[in-house]
Amino acid sequence: MTDNPYQGTHRLNIHMSRGNRSGVRSGKGSNAATPPCEDQLILDLAIEWLPFNGPSSEDIWLQFGIERTQFWERISCLLAYRQWAWLLDVPTVRALSEQSTATLRAAQRSTTRHYPQ
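Here the structure is a predicted model, which means the values were calculated and not measured.

This part takes up the packing of aromatic side chains. According to the stated counting rule, one finds three aromatic pairs in the structure shown. Ring geometry for Phe71 against Trp72: centres 5.2 Å apart, planes inclined by 90°, an arrangement best described as edge-to-face. Trp72 carries the same exposure label as Phe71, and that label is buried. Members of the aromatic cluster, joined through ring pairs, are Phe64, Phe71 and Trp72.

The following block contains the structure:
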């Protein structure tokens, strides 16, 4: 068991469907909860690994088939939408935003080429 202050209390336990925040499908079989969407799974993974500077590139690739930079770009975009931000508390949003910014800046620095003048 890890001492992750973000795990459990801040995880996105609400399954959302488009236009339906209750997490329940309408119509036949309305008792069935919608499965978590990829955005929710991405946020869950980021929150779970937040105390450890985020998930490894390998974990991200295996679960979502995207590069680490794309993962943090997606987190950054998700945090800009109210749909997701209202599900998280302020310290978690802030920590995710800071981790996203730091990771993306580091990636940008490593790909920036310096040419002699």
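Think of two packed helices as two axes; the pair is described by the angle between the axes and how far apart they sit. Taken N-terminus to C-terminus, the directions of helix H3 (residues 68-80) and helix H5 (residues 90-111) make an angle of 140°; their axes are 9 Å apart at the nearest point. When the interaxial angle is binned, H3 and H5 end up oblique. Once H3 is placed against H5, the crossing between them reads as left-handed. Contacts from Arg68, Thr69, Trp72, Glu73, Ile75, Ser76 and Leu79 of H3 reach H5 at Val93, Leu96, Ser97, Gln99, Ser100, Thr103, Leu104 and Ala107. For the contact of H3 with H5, the per-class residue count stands at seven nonpolar, six polar and two charged.

In this section: the side chain of Ser100. Of note, Ser100 is situated in helix H5. Among all residues touching Ser100, those that are not within four sequence positions of it are Trp72, Ile75 and Ser76.

Right, let's talk about the packing of helix H1 (residues 38-48) against helix H2 (residues 57-64) for a bit. At a minimum axis distance of 12 Å, the contact between H1 and H2 shows a crossing angle of 160°. Overall, the two elements H1 and H2 adopt an arrangement that is roughly antiparallel. Relative to H2, the crossing made by H1 is right-handed. Between H1, through Glu38, Leu41, Ile42 and Leu45, and H2, the contact on the second element is made entirely by Ile60, Gln63 and Phe64. When its residues are assigned to classes, the contact of H1 with H2 shows five nonpolar, one polar and one charged.

A word on unusual backbone geometry. In this model, Asn53 sits at a positive phi of 65°, which is unusual for a non-glycine residue. Inspection of the secondary structure assignment puts Asn53 in the loop between H1 and H2. By relative accessible area, which is 51% here, Asn53 ends up exposed.

According to the stated counting rule, one finds two salt bridges in the structure shown. In this structure, the salt-bridge partner of Arg74 is Glu38, at a minimum N-O distance of 3.0 Å. One end of the pair, Arg74, is in helix H3; the other, Glu38, is in helix H1, with 36 residues separating them in the sequence. Among the ionic pairs, Asp39 bridges to Arg74, the shortest N-O distance being 2.8 Å. Separated by 35 residues along the polypeptide, Asp39 in helix H1 and Arg74 in helix H3 bring together distant segments of the chain. For Arg74, a relative accessible area of 26% gives the class partly exposed. Here the residues in one salt-bridge network are Glu38, Asp39 and Arg74, joined through shared partners.

Cut-offs and rules
Residues numbered from 1 in each chain as written. Predicted model: local features only at pLDDT ≥ 70, side-chain atom pairs only at ≥ 80, totals over all residues. Heavy atoms only, no water. Phe/Tyr/Trp six-rings, centres within 6.5 Å; stacked < 30°, edge-to-face > 60°. Buried < 20%, exposed > 50% of the residue type's maximum accessible area, 1.4 Å probe, protein only. Axes fitted to C-alpha atoms, helices over the stretch in contact; angles between N-to-C directions. Helix = DSSP H or I, 4+ residues; strand = E, 2+ residues; numbered from the N terminus. Parallel < 35°, antiparallel > 145°, perpendicular 65-115°, else oblique. Left-handed = near helix turned anticlockwise from the far one by under 90°. Contact = heavy atoms within 4.5 Å. Nonpolar A, V, L, I, M, F, W, Y, C, P; charged D, E, K, R; others polar. Salt bridge = Lys/Arg side-chain N within 4 Å of Asp/Glu carboxyl O.

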